[in-house]
Amino acid sequence: MDGPSPFPPAAPPPRPVSPGLYLVSTPIGNLRDITLRALDVLAAADLILAEDTRVTAKLLTAYGLKRPLRRADDHASEAVAEEAVRRVGEGEVVALVSDAGTPLISDPGFVVARAMVEAGLPIHPIPGPSSLTAALAIAGLPADRVLFAGFLPPKSAARRTALETLKATRATLVLFESGPRLKDSLTDMAEVLGDRPAAVARELTKLHEECVRGTLPALAIDPRLDGPKGEIVVLIGPGEEVAASEDDVDMALTDALTRLSPGDAAREVAQALGLKRKAVYARALELQGR
């Protein structure tokens, strides 16, 4: 009779890493959250593009890896994008990582990924840790429809304007914030968005992991959230159904048209505000003077 099977069972053997750009998710706190596939790719990489090479060097050292590193922050993206395209075109493996979490989620890397797509070269996601999904899992808020809004503007007036554009969105809002700005941001959120359920998650996967839940007004005066340390995710539940005003539509469209074509902008705004796309598209053309 065979002996007991090993636990955990043996992992599937690694597959060869083919040439391409790999967007590799890295731990957001606990180094043991790295995936086996991420380690395979990092070990095989001819070049690793890092948000901060010092941070990535620590991760590589923890797993006994030593690979060529090059900085790929917002200031260096154009130059490294050209190099990445050239090297993948020559048959090399290039990995792109941020300091923590999934690349491109409010982190550098978009320019590199876009250049690779435009060049028709292979690009692969290596999924793994993300503070966005980790916070959403423990917040106790609806997760069937979510809008990630990244970082709000640092100044109160601009922040409130941004929150007004999100007010009619029928989805759980997920935002990033810094400790020094958290209290002021929560105050603005409470005044603009009202008495909504919310949660503030910080230091996810780390020793002092914490998730504080309550209404926005309650969180705005909670002493635990007055300048806390660590990476912070704010989650806000959907508000009551309110019909979007013409000003809401125009404000949302004005923002969307800076990033998208009229058709795509209309689709995004119509979905976010629960409106018919045809009417929103007609308004988008009006705003562009067509």
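Structure's up top.
Residues numbered from 1 in each chain as written. Predicted model: local features only at pLDDT ≥ 70, side-chain atom pairs only at ≥ 80, totals over all residues. Heavy atoms only, no water.

Trainee: Please give an account of the packing of helix α6 (residues 156–166) against helix α7 (residues 179–193) that cites residues and values.
Mentor: For the pair α6 and α7, the least separation of the axes is 10 Å and the interaxial angle reads 45 degrees. With respect to their mutual orientation, α6 and α7 come out oblique. Where α6 crosses over α7, the two elements pack in a sense that is right-handed. Judged by residue contacts, S156, R159, R160, L163 and E164 of α6 engage R181, D184, S185, D188, M189, E191, V192 and L193 from α7. Residue composition of the contact of α6 with α7, grouped by class: four nonpolar, two polar and seven charged. (Axes fitted to C-alpha atoms, helices over the stretch in contact; angles between N-to-C directions. Helix = DSSP H or I, 4+ residues; strand = E, 2+ residues; numbered from the N terminus. Parallel < 35°, antiparallel > 145°, perpendicular 65-115°, else oblique. Left-handed = near helix turned anticlockwise from the far one by under 90°. Contact = heavy atoms within 4.5 Å. Nonpolar A, V, L, I, M, F, W, Y, C, P; charged D, E, K, R; others polar.)

Trainee: Give me unusual backbone geometry: which residues, what numbers.
Mentor: Its identity as a non-glycine residue notwithstanding, E203 has a phi of 55 degrees, on the positive side. Of note, E203 is situated in the loop between β8 (197–202) and β9 (210–215).

Trainee: Describe the nonpolar core, with residues and values.
Mentor: Counting 22 residues, the largest nonpolar core has L186, M189, V200, L216, V234 and I236 as the members making the most contacts within it. Within the residue set of this core, elements represented by two or more residues are α6, β7 (172–177), α7, β8, α8 (216–220) and β10 (232–236). The residues touching M189, leaving out its near neighbours within four places in the chain, are L152, L163, L175, G194, L216, V234 and I236. (Core = buried A, V, L, I, M, F, W, Y, C linked by side-chain atoms within 4.5 Å. Buried < 20%, exposed > 50% of the residue type's maximum accessible area, 1.4 Å probe, protein only.)

Trainee: Describe the pairing of β7, listing the residues and the values that go with them.
Mentor: Among the six residues of β7, six are classified as buried, and the element is accordingly described as predominantly covered. Residue alternation in β7 divides its side chains into two sets, T172, V174 and F176 and L173, L175 and E177, and both sets are buried. In the classification by handedness, the crossover that spans strand β6 (residues 146–151), the intervening α6 and the parallel β7 is right-handed. Here β7 pairs with β10 via five bridges, running antiparallel. Within β10, the residue paired with L175 across the bridge is V234. (Right-handed = clockwise from strand over helix to strand, strands pointing away. Pairing = 2+ DSSP bridges.)

Trainee: With reference to specific residues and values, describe empty space enclosed by the protein.
Mentor: To locate leftover empty space, one rolls a probe as large as a water molecule over the atoms. If you walk through the whole model with that rule in mind, you get one cavity of 30 Å³ or more. If you add up the space inside the largest cavity, you get close to 40 Å³. Around the largest cavity sit L49, A50, E51, A72, L96, V97, S98, P108 and G109, which together line it. Secondary-structure elements contributing two or more residues to the lining of the largest cavity are β2 (47–50) and β4 (93–97). (1 Å grid on protein atoms, 1.4 Å probe; cavity = no way out; pocket = protein on both sides within 12 Å on 5 of 7 lines; lining within 4 Å. Points joined across faces, edges and corners; volume = space filled by probe spheres on them.)

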